[in-house]
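If you want the building blocks of each chain, they are given just below.
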Amino acid sequence: MNDFLGQAFIFLFSAVICVPISKKLGMGSVLGYLIAGVLIGPYVLKFVGNDGADIMHATEFGVVMMLFLVGLELDPKEFWKMKNKIINLGGMQILGTVFIATIIGVYGLKMNFPRAISIAFAITVSSTAIIMQTLNEKGLTKTGIGKSTFSVLLFQDIMVIPILAIIPLLVGDSLIQSIGDDSKSLLVGGPAFMKTLVIVGAITFIYVIAKYILTPYFKYVGQLQVREIYTSSALLLVIGVSLLMQKVGISPALGAFIAGVVLANNEYKHQLESDIEPFKSLLLGIFFIAVGSTINFKLIVEKPLMILGLTIGIMAIKSFVLWIIGIKHKFNFDQKMLFVLLLSQVGEFAFVILALTRNLDILNKQWYDLMLATTAITMEIVIIAGFGDFGNTISRVLNSTDIKTIVLDNDSERVEKMRKQGFNVFYGDATNVNLLKSAGADHAKYFVAALDPPEINQKLVHIVRKNFPNLEIIVRAKNRSYAYNYLKEGLNEVYRESFFSSVYVGRQLLIKFGFSYEEASKIGDVTMIAPVLKEFIEQNPNVEVYVASRPFMGTIFKQFPEIKFIPVDLNKDGIATATLDKGREEKKALINQENESLHLN
C-alpha cells in the first residue's frame with residue numbers, strides 16, 4: 001500500500017490501537033509506537049514500505065521539530081548557571097563511553113582507530129526523543145534524577161556538533177560517498193575535509209540569519225496579529241533550515257537544534273514553541289512507528305548472536321559508566337537504576353553519525369547494517385500574563401529575590417522594550433493553551449492574570465482553570481463589576497487594579513514562597529518608591545543613582561535594571577548622594593540608610 005492516504009491511515013490506525021494498550025500496560029507511549037511500527041512494517045504484516053527507508057524520510061521531520069524545540073528550551077543564561085552539572089555529568093558519560101568503546105573496538109574487535117572511535121561516538125548518544133517523552137509521562141522531569149538525566153542529554157546534543165566536525169578529519173583525503181538520501185548533498189564526490197569546513201560554515205550562516213534577520217522578522221509578524229502567518233513562519237523556519245543542512249550533507253535535525261539554540265533568548269520563543277508543538281507531537285509519534293518498521297529482522301534472524309552480543313555489550317559499557325557517575329554523585333540505588341535504564345540505550349543521532357561514517361567509507365556496509373540494527377533495538381515558577389502596570393510591578397517585586405517569573409504579553413513593542421531593560425518577557429497569546437504549556441504552566445505554582453481588555457482576561461482565567469487546575473490563580477480586576485464576577489466564580493484572590501494592590505500581591509507571593517512578613521514588607525517598600533524614582537529618571541535621563549545600604553542595594557538593582565546604580569560608602573551623616581550636573585543646576589538623589597527610603601530634591 002504505497003499511496004499517501006493509505007499509508008497515513010495505516011500509521012494512524014496502528015497508533016490508535018497499540019499506544020493505548022501500551023499505556024494501559026504501563027509501558028509508555030513510545031514503546032507503543034515502536035510496537036505498532038514492527039507490526040505494520042515490511043518484516044511482519046508488510047502493510048508499509050519495502051525496506052522502511054521511504055517511511056523514515058517522511059517522518060524524521062518529527063525529530064527535526066523536536067530538536068528545534070530542545071534548542072529553544074536551551075536558555076544560554078540557564079545553561080551557564082547549570083554549566084558545572086551539565087559538563088560534569090555529560091562530560092564524564094561521553095568521555096567514559098568513548099574511551100572504553102574505542103579500546104574494545106581496537107584491541108577486542110581488531111578495528112582500525114577511525115572505525116572504532118566513530119562507532120564509539122555513535123553509541124555514546126542516547127535518545128532525547130524517547131527519554132524526554134518517558135520523563136514527561138512519568139512526571140519525572142522536575143525531579144533531581146530527571147534534571148541529571150536532562151543534563152546528560154543536553155551535553156550529548158551539544159557534543160554532536162563537534163563530533164560531526166571531527167569525524168571527517170579521521171579519514172585524510174578520502175572522498176565523500178553517497179548513500180540513500182545523501183545523494184542530494186552538494187558535497188558528494190568532494191574531499192572529506194570539506195565536510196568539516198561546510199559544517200562550520202553552515203552553523204555560522206544559521207547563527208547570523210537567526211540572530212540578525214529572523215528576530216526583526218518575527219517582531220514584524222507579531223505586530224500584524226495574524227496567527228496563521230506566525231504558524232506558517234515557524235514551520236517555514238524549520239523546513240528551510242532542514243533543506244539547507246540536507247543540501248550540504250548535514251543532519252537536518254542538527255541544523256534545527258542549532259537554530260533553536262540561537263533563538264533561545266528570543267522574546268518570541270514561547271509563541272514559536274506553541275505553534276510547532278502540535279506538529280511535532282504527531283510527527284514524532286509517527287517517527288517512532290517508522291523506527292519500529294525499519295528494524296531489519298532478516299539480519300537479526302541471520303546473525304542473532306552477533307546482534308544480541310553487540311546490544312548487550314553496548315548497553316553494558318554505557319551502564320558501567322553511568323553507574324560510576326551515579327556513585328560519584330551519591331545517587332541512591334533507585335536513582336542509579338533509573339539513571340542507567342534511561343540513558344543506556346542508543347539514540348537517534350546515532351543514525352546521523354553512522355550515516356556520516358558510511359559516507360566517508362569509515363564503516364563498510366556490513367558494520368553499518370549491524371550498527372543500525374543494534375541501534376534500533378537498543379523548574380517552581382510564576383507566570384504573569386500581561387505586562388502592564390499591574391504585571392510589571394509584581395514582576396519587579398519577584399525579580400528582586402531571584403524567584404523565576406515568565407511574563408507573556410502580546411504587545412511586541414512593549415516586549416522588545418522590556419527585554420532590553422532586562423525583564424524575562426516573551427511575546428505570545430496567553431489564551432493559547434499550547435503557549436501556556438511551553439511557558440511551563442504544567443509545572444508552575446502561581447499564575448497572575450492581568451491581560452487587557454478585561455473580556456480577554458476573563459477568557460484567560462476560564463482557560464487556565466480548565467486546563468491547569470493545579471495552578472493557583474491571582475486575578476487583576478479592571479473594576480468593581482469584574483471583581484464581583486470573579487468572586488462569584490469561586491476565585492479567592494481577586495485584586496482591583498492599582499499600584500498599591502500590585503505591590504501587595506507581590507508581597508503575598510513572596511510570603512507564599514517562604515519569605516517572612518518582615519522580609520516581604522521590606523521588599524514591597526522598595527517597590528513603593530517606583531513612581532517617584534521613575535518620574536525622577538524620566539526628568540533626568542542621564543542621572544546616576546548612588547546606593548549605600550548593601551541589603552537595599554541588591555533589591556533595588558534587580559527591581560530597576562533599566563536604571564544605572566552605583567554602590568558608594570556612606571558619608572558621616574549616613575547619607576549617600578547622587579548628583580547630575582545639568583547646566584548649572586544640580587539634581588540629587590538621596591538614599592537614607594536607616595529607613596532605606598529614597599528622597600529626591
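Whatever comes next refers back to the structure up there.
Residues numbered from 1 in each chain as written. Predicted model: local features only at pLDDT ≥ 70, side-chain atom pairs only at ≥ 80, totals over all residues. Heavy atoms only, no water.

## Points about the packing of helix 22 (residues 454-467) against helix 23 (residues 480-488)
- Where helix 22 contacts helix 23, the axes come no closer than 12 Å and their chain directions differ by 10 degrees. Relative to helix 23, the element helix 22 lies roughly parallel. Touching Pro454, Glu455, Asn457, Gln458 and Val461 of helix 22 are Tyr482, Asn485 and Tyr486, all from helix 23.
- The residue inventory of the contact of helix 22 with helix 23, partitioned by class, reads 4 nonpolar, 3 polar and 1 charged. (Axes fitted to C-alpha atoms, helices over the stretch in contact; angles between N-to-C directions. Helix = DSSP H or I, 4+ residues; strand = E, 2+ residues; numbered from the N terminus. Parallel < 35°, antiparallel > 145°, perpendicular 65-115°, else oblique. Contact = heavy atoms within 4.5 Å. Nonpolar A, V, L, I, M, F, W, Y, C, P; charged D, E, K, R; others polar.)

## Some thoughts on the packing of aromatic side chains
- A full pass over the atoms with the stated rule returns 6 aromatic pairs.
- Where Trp323 meets Phe333, the ring centres are 5.8 Å apart and the plane angle is 75 degrees; that geometry is what we call edge-to-face. With Trp323 in helix 15 (residues 304-328) and Phe333 in helix 16 (residues 333-343), this pair connects stretches of sequence that are 10 residues apart.
- With relative accessibility at 27%, the residue Trp323 sits in the partly exposed group.
- For the cation-ring pair, Lys336 lies above Trp323, with the distance from its terminal atom to the ring centre recorded as 5.3 Å. (Phe/Tyr/Trp six-rings, centres within 6.5 Å; stacked < 30°, edge-to-face > 60°. Buried < 20%, exposed > 50% of the residue type's maximum accessible area, 1.4 Å probe, protein only. Lys NZ or Arg CZ within 6 Å of the ring centre and 35° of its normal.)

## Some points on the side chain of Thr405
- Along the chain, Thr405 turns up in strand 2 (residues 405-409).
- Relative accessible area serves as the criterion here: at 3%, Thr405 is assigned to the buried category.
- If near-sequence neighbours (up to four positions away) are discounted, Thr405 is found in contact with Val382, Ser395, Leu398, Asn399 and Asn424.

## Some points on a nonpolar patch on the surface
- On the surface, a nonpolar cluster with roughly 640 Å² of combined accessible area is contributed by Phe9, Phe13, Val16, Ile17, Ile21 and Leu25.
- Tracing the backbone through its elements, the reader meets Ile17 in helix 1 (residues 4-24). (Patch = residues over 30% accessible without salt bridge, like charges linked within 9 Å, V, L, I, M, F, W, Y side chains within 5 Å. Areas by Shrake-Rupley, 256 points an atom, 1.4 Å probe, with all protein chains shown as cover. Salt bridge = Lys/Arg side-chain N within 4 Å of Asp/Glu carboxyl O.)

## Notes on the nonpolar core
- Ranked by internal contacts, the top residues of the largest apolar core, which has 81 residues, are Phe68, Leu263, Ile394, Val448 and Leu509.
- Grouped together as the second largest cluster of nonpolar side chains are 29 residues, Ala444, Leu451, Ile463 and Val464 included. (Core = buried A, V, L, I, M, F, W, Y, C linked by side-chain atoms within 4.5 Å.)

## Some thoughts on the pattern of salt bridges
- Summed over all chains, the structure comprises 7 salt bridges.
- Note that Glu497 and Lys478 form a salt bridge whose closest N and O atoms lie 3.0 Å from each other. Placement of the pair is Glu497 in the loop between strand 6 (494-496) and helix 24 (499-512) and Lys478 in the loop between strand 5 (472-477) and helix 23, with a sequence separation of 19 residues.
- The closest approach of N and O atoms between Lys512 and Glu493, which form a salt bridge, is 3.4 Å.

## Some points on the sheet that holds strand 1 (residues 382-385)
- What the 6 strands build is an open sheet, ordered 3-2-1-4-5-6; its pairing is parallel. If you trace the sheet from one side to the other, it starts and ends with strand 3 (425-427) and strand 6, each paired once. Each strand axis lies, on average, 20 degrees off the axis of its neighbour in the sheet, ignoring direction.
- Pairing of strand 4 (residues 446-449) with strand 5, which is carried by 4 bridges, proceeds in the parallel orientation. (Pairing = 2+ DSSP bridges.)

## A closer look at the packing of helix 24 against helix 25 (residues 517-528)
- It is at 9 Å that the axes of helix 24 and helix 25 come closest, and there the two elements cross at 150 degrees. Judged by the angle between their axes, helix 24 and helix 25 are roughly antiparallel. Handedness of the crossing formed by helix 24 with helix 25: right-handed. The residues of helix 25 that touch helix 24, namely those facing Phe499, Phe500, Val503, Arg507, Leu510 and Ile511, are Tyr517, Ala520, Ser521, Ile523, Gly524, Asp525, Thr527 and Met528. (Left-handed = near helix turned anticlockwise from the far one by under 90°.)

## Considering the side chain of Asn432
- Here Asn432 shows up in the loop between strand 3 and helix 21 (433-438).
- Side-chain polar atoms of Asn432 contact the backbone nitrogen of Asn434, separated by 2.8 Å. (Polar contact = N/O pair within 3.5 Å; in protein donor to acceptor, adjacent residues only side chain to side chain.)

## So, unusual backbone geometry
- The amide bond that connects Asp452 to the next residue, Pro453, takes the cis arrangement and shows omega of -5 degrees.
- Assignment of secondary structure puts Pro453 in the loop between strand 4 and helix 22.
- Although it is not a glycine, Lys110 sits at a positive phi angle of roughly 60 degrees.
- Inspection of the secondary structure puts Lys110 in the loop between helix 6 (83-108) and helix 7 (113-124).

## Notes on helix 6
- Taking 1.5 Å of rise per residue, 26 residues should cover 38 Å, and helix 6 covers 35 Å from first to last C-alpha, within 8% of that figure.
- Those residues of helix 6 lying buried are Ile86, Leu89, Gly90, Gly91, Gln93, Ile94, Thr97, Val98, Ala101, Thr102 and Gly105. (Expected span 1.5 Å × (residues − 1).)

## A few points about the environment of Gly90
- Here Gly90 shows up in helix 6.
- Overall, Gly90 belongs to the buried group, its relative accessible area being 0%.
- For the pair Gly90 and Gln156, spaced 66 residues apart in sequence, the C-alpha separation works out to 6.6 Å.
- Not counting residues within four places of it along the chain, the set of residues in contact with Gly90 comprises Lys85, Val152 and Phe155.

## A closer look at the pairing of strand 5
- Extensive coverage of strand 5 is indicated by the burial of 5 of its 6 residues.
- Looking at chain direction, strand 5 and strand 6 are connected through 3 bridges and run parallel. In the strand pairing of strand 6, Val475 is matched with Val494.

## As for the pairing of strand 2
- Counting buried positions over the 5 residues of strand 2 gives 5, a clear majority of the element.
- Alternating positions in strand 2 separate into two faces, Thr405, Val407 and Asp409 on one and Ile406 and Leu408 on the other, with burial throughout.
- Of the pairings in the sheet, the one linking strand 1 to strand 2 comprises 4 bridges and is parallel in character. Bridged to Ala385 within strand 2 is Leu408.
- Relative to strand 3, strand 2 runs parallel, the two being bridged by 3 bridges. If you follow Leu408 over to strand 3, its bridge partner there is Phe426.
- For the handedness criterion, the β-α-β arrangement of strand 2, helix 20 (residues 412-420) and strand 3 is classed as right-handed. (Right-handed = clockwise from strand over helix to strand, strands pointing away.)

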